[in-house]
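Chain residues, written in single-letter form:
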Number of protein chains: 2
Amino acid sequence: MLRRLVTITIKDVAREAGFSVATVSRVLNNSGPVRDETRRRIEEVASRLRYAPNVAARSLITRKTLTIGVLLPDLYGEFFSEVIRGIDRAARIGGYHLLVSGSHNDREEIEAAVHAMHGRVDGLIVMSPGLEPRSIVAGLPRRLPLVLLNCEEGSNGIDSVNVDNYGGAREMVQHLLGLGHQRVAIIGGAADNYDARERLRGYRDAVEAEGGTVYEELLVEGDFTESSGHKAARKLLGLDPRPTAIFAANDSMAIGALSALREAGVVVPEQMAVAGFDDIPIARYVSPPLSSVHVPIRGLGVRAVERLLLAMTDLMEKTREVLPTRLVVRESCGGSTVDARKTASAEARRIEGAHNPEEVVKT
Amino acid sequence: MLRRLVTITIKDVAREAGFSVATVSRVLNNSGPVRDETRRRIEEVASRLRYAPNVAARSLITRKTLTIGVLLPDLYGEFFSEVIRGIDRAARIGGYHLLVSGSHNDREEIEAAVHAMHGRVDGLIVMSPGLEPRSIVAGLPRRLPLVLLNCEEGSNGIDSVNVDNYGGAREMVQHLLGLGHQRVAIIGGAADNYDARERLRGYRDAVEAEGGTVYEELLVEGDFTESSGHKAARKLLGLDPRPTAIFAANDSMAIGALSALREAGVVVPEQMAVAGFDDIPIARYVSPPLSSVHVPIRGLGVRAVERLLLAMTDLMEKTREVLPTRLVVRESCGGSTVDARKTASAEARRIEGAHNPEEVVKT
DNA sequence: TTGTAGGCGTTATCAG
DNA sequence: CTGATAACGCCTACAA
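Calculation rules
- Once a new chain begins, its residue numbering starts again from 1 and follows that chain's sequence as written.
- Ligands are numbered from 1 and chains lettered from A, in the order in which they are written.
- Only residues with pLDDT of at least 70 are given local features in this predicted model, and only at 80 or more are side-chain atom pairs given and counted; all residues enter the totals for whole chains, interfaces and linings.
- Each side-chain value is worked out from all heavy atoms of the structure, with water and hydrogens disregarded.
- Three exposure classes are used, based on accessible area relative to the maximum for each residue type with a 1.4 Å probe and protein chains only: buried under 20%, partly exposed in between, and exposed over 50%.
- Helix numbering and strand numbering both begin at the N terminus, where a helix is a DSSP run of H or I of at least 4 residues and a strand a DSSP run of E of at least 2.
- Here a strand pair is declared whenever DSSP counts at least two bridges between the two strands.
- Every crossover in which the path from the first strand over the helix to the second runs clockwise, viewed with the strands pointing away from the viewer, is termed right-handed.
- A cutoff of 4 Å decides nearness: a residue is near a molecule or strand if any of its heavy atoms lies inside that distance of it.
- Think of a polar contact as two N or O atoms within 3.5 Å of one another; within protein, one of them needs to be a possible hydrogen donor and the other a possible acceptor, and neighboring residues in sequence only count if both atoms come from side chains.
- Here the nonpolar group is Ala, Val, Leu, Ile, Met, Phe, Trp, Tyr, Cys and Pro; Asp, Glu, Lys and Arg are the charged ones; every other residue, Gly included, is treated as polar.
- The axes used here are C-alpha line fits, helices contributing only the stretch in contact, and every angle between their N-to-C directions lies in the interval 0 to 180 degrees.
- An angle below 35 degrees is treated as roughly parallel, one above 145 as roughly antiparallel, one from 65 to 115 as roughly perpendicular, and anything else as oblique.
- Here, residues are in contact when the closest pair of their heavy atoms is within 4.5 Å.
- Here the copies are superposed with least squares, the fitted atoms being C-alpha atoms of residues at a pLDDT of at least 70 in both.

Enquirer: When you look at the pairing of strand β4 (residues 146-149) of chain A in this model, what are you seeing that I'm missing?
Expert: For a regular strand, side chains alternate in direction, first toward one face of the sheet and then toward the other. All names here are of chain A. Side chains of β4 alternate between two faces, with Leu146 and Leu148 and Val147 and Leu149 buried alike. Judged from the four bridges that link them, strand β3 (residues 123-127) and β4 form a sheet pairing that is parallel. Residue Leu124 lies in a different strand from β4, and its bridge partner there is Leu146. Handedness of the crossover joining β3 and β4 through helix α7 (residues 133-138) is recorded here as right-handed. Bridge count for β4 against strand β5 (residues 159-163) is three bridges, and the pairing is parallel. Along β5, the bridge assignment pairs Val147 with Asp159.

Right, here's the structure in full:
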């Protein structure tokens, strides 16, 4: 009988099975040739003893941790949590664990977090839209596989997975202009945020492409939170003349704006069209259902892991990958092909079978 | 000059500084006595060489990983992500890393995840409202510090941090009844979910305490998602007589219900009162702002970590801790002290300075 | 105050 | 096919 209450090691298994630790190791790792009978015996003993290899010892010699590090600006909200969900699934499928850390906005915090993760991970996924890619890479241990999420261009030699912020924003604003809106306002994200800048650029180009003018007073800065969207919308309501449409650079701010409009008695979309960006899952359930630019949020996470796993095998060349977005028109911008008032009939809906039959997807 | 591009170890530091590895180790860990001059020299060399101790080697001998494992049913959504945020902050303050994993609903998945984390973490935080505490503990390595989140009672000898599901639900339903509603419906969570069962129990007791009857047709089961809330609300709308109030067992379902009501042309709260549970951050921004039972979500995570860290020092006795909830009355249930129609004036709001001055908190 | 040396649990490289 | 045995990098008695 072997000692209990004490960690049992490969030696215990070897002794109990009547073989050497080398052979046990070969069985457990499927490395090297082992006679079938031997394998059976060792496996039996190992499972009977509930043997579990010591992770530290193993990674000390293999120099692998089977862990991926994830650094995000925040862990909270429908966006980030959906990214993490994607990462989690893909990582598990690949047999990797996830070491996560949030709240990394400035360079020092990032460096501290990376430093702390050093030696604990085989690769890193970093999203930090406020920092230049080069600056992130600079503070990193050489040779550590890395994939950046939503980072600036001009980062040759760095792997990254990105969302088509510019194209998505441009398409949405074009859509709003096409509905006849002359004064489309934008609630942007922080100026030091790359995603925010790109979405703003898309807005500008869309307006100018239509021969319109970008009025500076229609550009309000938020910070991607509901409360900032709420505040920004109030500001826009004070303008004279008022805008007739608001494009928020993300859904959270759009929802904050909807809340402010409702408080002010402004009816959406009749008196004011509203649109967001990201198409977070809740977007279709707010009132009125929010038009948005669909972003494959979970796919962003999944893809990041896939790319990282490839980078770890060193086979791939570093590239910048851009995931396409898709316009999703719901009621909030009044551009649906189905008259919004028809939605008062739940019956009509049931017949069509879908949740939001009036939802229209453009390319 | 020392070799580059190769891991540098404590030996390198020792050689370069002219001391033994033992002394270097003492300096780096502040263990044992070291002469000031020696310490300075070694620290200088270590930082010049950018020496970083090998995590695996260290934890092989110390038998510590400085990592906390977190197992959740899901990583997605305002609730779970807020819990994680709390855990992340508290863990970082305590100097711990976070190994997370989502999608663990049945016993096998939990056991597999725990097994995989074995040896990688110093302690575990597990939320699995669908499993009995004993069953979770059974599949766990002995001696591994553990804190359960929102688990059933009757788990003596197990640490847990919980939300007062019963009390919160009861209070909310009492409030609705107090507003004069005779037929209050509930959109519950899945029957195998502990939180859901407790909230349902609170509902039942509140109704019966008021001498009312619990009508079975007013009990509709959801699964905590917006879409299930949407579906459930449609079902309730088909009833005759209709309920006049809907209590959803969480905010996501309440939001789904609001969406269904709006589609059906039912005005909230005039024609139907709606209330949720959790008070996720977005609750105050939906239309109309959602009454809810405030749960200290982030605090749940923070507290779990605090308790786990204590459990790891083995000083505390195992207890079941219950965090109090708080009723938050907003417009969706019509029970606000401020007439909802006043909210049409954004100006009035600005004067009061607060976002939602009509928000009322009861105890 | 400092150095020597043993051992943590595995894997990997050799012989046999 | 199997078995010694040397790393892996670090901590920690025990000596000096």
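Enquirer: What exactly am I supposed to notice about the protein's contact with DNA strand D here?
Expert: Near DNA strand D, the surroundings consist of 24 residues, among which Thr38(A), Arg63(A), Ile10(B), Tyr51(B) and Arg58(B) are the closest. Across the atoms of DNA strand D situated within 4 Å of the protein, the share located in sugar and phosphate is 64%. Side-chain polar atom of Ser25(B) to a phosphate oxygen of DNA strand D: 3.1 Å apart, as the coordinates give it. The separation between a phosphate oxygen of DNA strand D and a polar side-chain atom of Arg58(B) is 2.8 Å. Secondary-structure elements contributing two or more residues to the surface near DNA strand D are α2 (21-29) and α4 (55-62) of chain A together with α2 (21-29) and α4 (55-62) of chain B. It is α4(B) that provides the largest number of residues to the surface near DNA strand D, a total of four residues.

Enquirer: Explain the protein's contact with DNA strand C here, please?
Expert: Contacts to DNA strand C come from 25 residues, most closely from Ile10(A), Tyr51(A), Arg58(A), Thr38(B) and Arg63(B). Among atoms of DNA strand C positioned within 4 Å of the protein, sugar and phosphate together represent 65%. Within the side chain of Thr23(B), an N or O atom sits 2.8 Å from a phosphate oxygen of DNA strand C. Those elements that provide at least two residues to the surface near DNA strand C are α2 and α4 of chain A together with α2 and α4 of chain B. For the surface near DNA strand C, the element with the most residues is α4(A), which contributes four residues. Broken down by class, the residue content of the surface near DNA strand C amounts to 14 nonpolar, seven polar and four charged.

Enquirer: Whenever I open this one, the packing of helix α1 (residues 10-17) of chain B against α2(B) confuses me. Can you help?
Expert: Between two packed helices, what matters for the description is the angle formed by their axes and the separation of those axes. Residues and elements named next belong to chain B. Contact pair α1 / α2: the axes reach a minimum separation of 8 Å and the direction vectors enclose 105°. Between α1 and α2, the crossing angle belongs to the class labelled roughly perpendicular. Across the interface between the two elements, Ile10, Lys11, Val13 and Ala14 of α1 pack against Val21, Val24 and Ser25 of α2.

Enquirer: I tried to follow the relation of the copies chain A and chain B on my own but got confused; where do I start?
Expert: Copies of the same chain, two in number, are related to each other by a rotation about an axis and a translation along it. Least-squares fitting of chain A to chain B yields an RMSD of 0.0 Å, with the superposition described by an axial translation of 0.0 Å and a rotation of 180°. Between the two chains, the operation in question is that of a two-fold axis. Interface residue correspondence from chain A to chain B reaches 100%, placing this contact among same-surface, isologous pairings.

Enquirer: Please clarify how the sheet that holds strand β7 (residues 219-221) of chain A should be interpreted in this entry.
Expert: Hydrogen bonds between backbone groups are what pair the strands of a sheet, and the pairing can be parallel or antiparallel. Residues and elements named next belong to chain A. Strand order in the open sheet made by the four strands is β7-β6-β8-β9, with parallel pairing throughout. The sheet terminates laterally at β7 and β9 (273-275), the two strands that pair on one side only. Direction aside, neighbouring strands of the sheet carry axes that sit 20° apart on average. Contacts between helix α9 (residues 194-209) and the sheet are confined to β6 (184-188), β7 and β8 (245-248), with β6 contributing the most and set at about 170° to the helix.

So far we have only geometry, and geometry alone does not tell us how the molecule works.
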